[in-house]
Amino acid sequence: MLDRCICGTQEILLVYDITSYPMSEESETQPLIALVGNKIDLEHNRTVKPEKHLRFCQENGFNSHLVSAKATDSVFLCFQKVAAEILGIKLNKAETEQSQSVVKADIVNYNQEPMARAVNPSRSSVCAAG
Ligand SMILES: Nc1nc2c(ncn2[C@@H]2O[C@H](COP(=O)(O)OP(=O)(O)OP(=O)(O)O)[C@@H](O)[C@H]2O)c(=O)[nH]1
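Just so we're clear, the structure is a prediction, and the values are computed from it rather than from any experiment. (Residues numbered from 1 in each chain as written. Predicted model: local features only at pLDDT ≥ 70, side-chain atom pairs only at ≥ 80, totals over all residues. Heavy atoms only, no water.)

**Structural notes on the site of the ligand**
- Residues in contact with the ligand, as listed here, are Asn 38, Lys 39, Asp 41, Leu 42, Ser 68, Ala 69 and Lys 70.
- Residue Asp 41 places a side-chain N or O atom 2.8 Å away from a nitrogen atom belonging to the ligand.
- Isolated, the ligand exposes 630 Å² of accessible area, and the fraction of that covered by the protein chains is 32%.
- Of the residues in the shell around the ligand, the class split is 2 nonpolar, 2 polar and 3 charged. (Near = heavy atom within 4 Å. Polar contact = N/O pair within 3.5 Å; in protein donor to acceptor, adjacent residues only side chain to side chain. Areas by Shrake-Rupley, 256 points an atom, 1.4 Å probe, with all protein chains shown as cover. Nonpolar A, V, L, I, M, F, W, Y, C, P; charged D, E, K, R; others polar.)

Here it is, written out as structure tokens:
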């Protein structure tokens, strides 16, 4: 996957500070790495299969996140999970659901449809969910 991210590149320079010894050999903890798949609002245009995303995470020991930077709810949840993992906190269901917006829709009873329209003609009574 990395080769795809840097396609068209002929060389990559890794620059470090010769006056500061790399911390990785002295530090006992390694940073957590997560793979974040963006644009999940464009599921119909998906070209990276979910299995491939998950396999890559499993093979490399990465955490997995799927977000849409456009529909920002999932981005907040992603950062919430990352922060919880760093702090060693286990998020409960209520905590993970609080950042996900609830979509509300009217329930249509077609048998009473004419009456419902007469009572509240300005409200739409049709809902389409994708
Ligand atoms: N639908 C959708 N569009 C997105 C999302 N995130 C970014 N985009 C759009 O994708 C385009 C590229 O976004 P950038 O923020 O410029 O990302 P980038 O990595 O610099 O993109 P490139 O320069 O194309 O590699 C923009 O038109 C964004 O509006 C998303 O979650 N959903």
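**Regarding helix H3 (residues 73–87)**
- With 15 residues, H3 extends 21 Å from end C-alpha to end C-alpha; this agrees with the ideal 21 Å at 1.5 Å per step.
- The set of residues buried in H3 consists of Ser 74, Leu 77, Cys 78, Gln 80 and Ala 84. Angular distribution of buried residues about the axis of H3 spans 165 degrees; they occupy a single face of the element. In this structure, H3 carries Phe 76, Phe 79, Ile 86 and Leu 87 as exposed residues pointing more than 90 degrees from its buried face.
- Taken together, the buried residues of H3 touch strand E1 (34–37), strand E2 (63–66) and helix H4 (93–97). (Helix = DSSP H or I, 4+ residues; strand = E, 2+ residues; numbered from the N terminus. Expected span 1.5 Å × (residues − 1). Buried < 20%, exposed > 50% of the residue type's maximum accessible area, 1.4 Å probe, protein only. Arc of directions from axis to C-beta. Contact = heavy atoms within 4.5 Å.)

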